[in-house]
Amino acid sequence: GIVAGNNNAVPSEKSGNISYLQGLSGVYSKLEFPYLNDLRYQGELVTIESARLYLYPVQDAYGDYVPLPETLTLYTSDENDVTQGVITDSSGEAVQDGSLVTDDLGKNSTYYSFDITSFMQTNLGTSGTNRQNLMLMLPNAKFLTTAEGLVLGDINHATDNVKLEILFKVYNQ
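Source: prediction; values computed, not measured.

A. Geometry of the overall build of the protein. A tally of regular secondary structure across the protein gives two helices and 11 strands. Reading the protein from its N terminus to its C terminus gives the helix and strand order β-β-β-β-β-β-β-β-α-β-α-β-β. Taken over the C-alpha trace, the protein has a radius of gyration of 16 Å; the compact-globule value for 173 residues is 16 Å, and the two agree within 12%. Along the three orthogonal principal directions, the C-alpha set of the protein runs to about 60 × 40 × 35 Å. A separation of at least 24 residues holds for 72% of the contacts in the protein among residues at least 6 apart in sequence. Summed over its atoms, the accessible surface of the protein is roughly 9700 Å², and 49% of this surface lies on carbon and sulfur atoms. Measuring between centres, the 9 positive side-chain charges of the protein sit 5 Å from its 21 negative side-chain charges.

B. A look at unusual backbone geometry. Although it is not a glycine, Asp-81 sits at a positive phi angle of roughly 60 degrees. As for its position among the elements, Asp-81 is in the loop between strand 6 (73-77) and strand 7 (83-86).

C. Region of the structure containing the packing of aromatic side chains. Counted under the stated rule, the structure contains three aromatic pairs. Each ring, one from Tyr-54 and one from Tyr-111, has its centre 5.4 Å from the other, and the planes form 70 degrees; the classification is edge-to-face. Note that Tyr-54 is positioned in strand 5 (residues 45-55) and Tyr-111 in the loop between strand 7 and strand 8 (112-115), a separation of 57 residues in sequence. Counting every residue linked through ring pairs, the aromatic cluster contains Tyr-54, Tyr-56 and Tyr-111. Over the ring of Tyr-56 we find Lys-163; its NZ or CZ atom is 4.5 Å from the centre of that ring.

D. Representation of the nonpolar core. Residues Leu-55, Leu-74, Ile-116 and Leu-136 are the most contacted members of the largest nonpolar core, which totals 32 residues. Listing elements by their share of this core, those giving two or more residues are strand 4 (28-31), strand 5, strand 6, strand 8, helix 1 (117-123), strand 9 (133-137) and strand 10 (149-153). Per-element tally for this core: the top contributor is strand 5, with five residues. With residues near it in sequence (within four places) discarded, Leu-55 still touches Leu-31, Tyr-111, Tyr-112, Phe-114, Leu-136, Leu-152 and Val-162.

E. View of the sheet that holds strand 8. Overall, antiparallel pairing links the three strands, which are arranged 8-5-11 in an open sheet. The outermost strands of the open sheet, each flanked by one partner alone, are strand 8 and strand 11 (163-171). Ignoring which end each strand starts from, the neighbouring axes of this sheet average 15 degrees apart. Bridging between strand 5 and strand 8 involves four bridges; their strand directions are antiparallel. In the sheet register, Leu-55 faces strand 8, and the bridge partner there is Tyr-112.

Parameters at a glance
Residues numbered from 1 in each chain as written. Predicted model: local features only at pLDDT ≥ 70, side-chain atom pairs only at ≥ 80, totals over all residues. Heavy atoms only, no water. Helix = DSSP H or I, 4+ residues; strand = E, 2+ residues; numbered from the N terminus. Rg over C-alpha atoms; globule rule 2.2 N^0.38 Å. Contact = heavy atoms within 4.5 Å. Areas by Shrake-Rupley, 256 points an atom, 1.4 Å probe, with all protein chains shown as cover. Lys, Arg positive; Asp, Glu negative; His and termini not counted. Charge placed at Lys NZ, Arg CZ, Asp CG, Glu CD. Phe/Tyr/Trp six-rings, centres within 6.5 Å; stacked < 30°, edge-to-face > 60°. Lys NZ or Arg CZ within 6 Å of the ring centre and 35° of its normal. Core = buried A, V, L, I, M, F, W, Y, C linked by side-chain atoms within 4.5 Å. Buried < 20%, exposed > 50% of the residue type's maximum accessible area, 1.4 Å probe, protein only. Pairing = 2+ DSSP bridges. Axes fitted to C-alpha atoms, helices over the stretch in contact; angles between N-to-C directions.

If you want it as structure tokens, here you go:
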């Protein structure tokens, strides 16, 4: 969904299946995973081995005159959208920057990706106030100094939808 700095959330299904983020205006994208716990019904014990999030910019919303941000930042947040921490690499030391991949021949292969394995492992089995969300925004230096922005497709977008790849193990007796 789309969230402005004053917590006026707009679900992406009410904005044409797109989500925005922009510096200066305080607009960021909130990512929720309401069906994460459904994985637990796959067996007696389920563990998440890896999780990667792919975010696709809407094709008509960028180009030569509206370039894509080179980096993005992903934060964990609580149910009140208060940031708790930043998504880091597997060492836990370096902040992930979204790993922008561009394809000049076809925009369908242009995306940002984040390894969110640790986040998913932490949130599997949680609910209510214990469940975290993700907040996607420009890095702090740009969030506070530029109007640069980005338009992303949500899970139901016709061409540029967000993808989540989860590798999990199921244990049964």
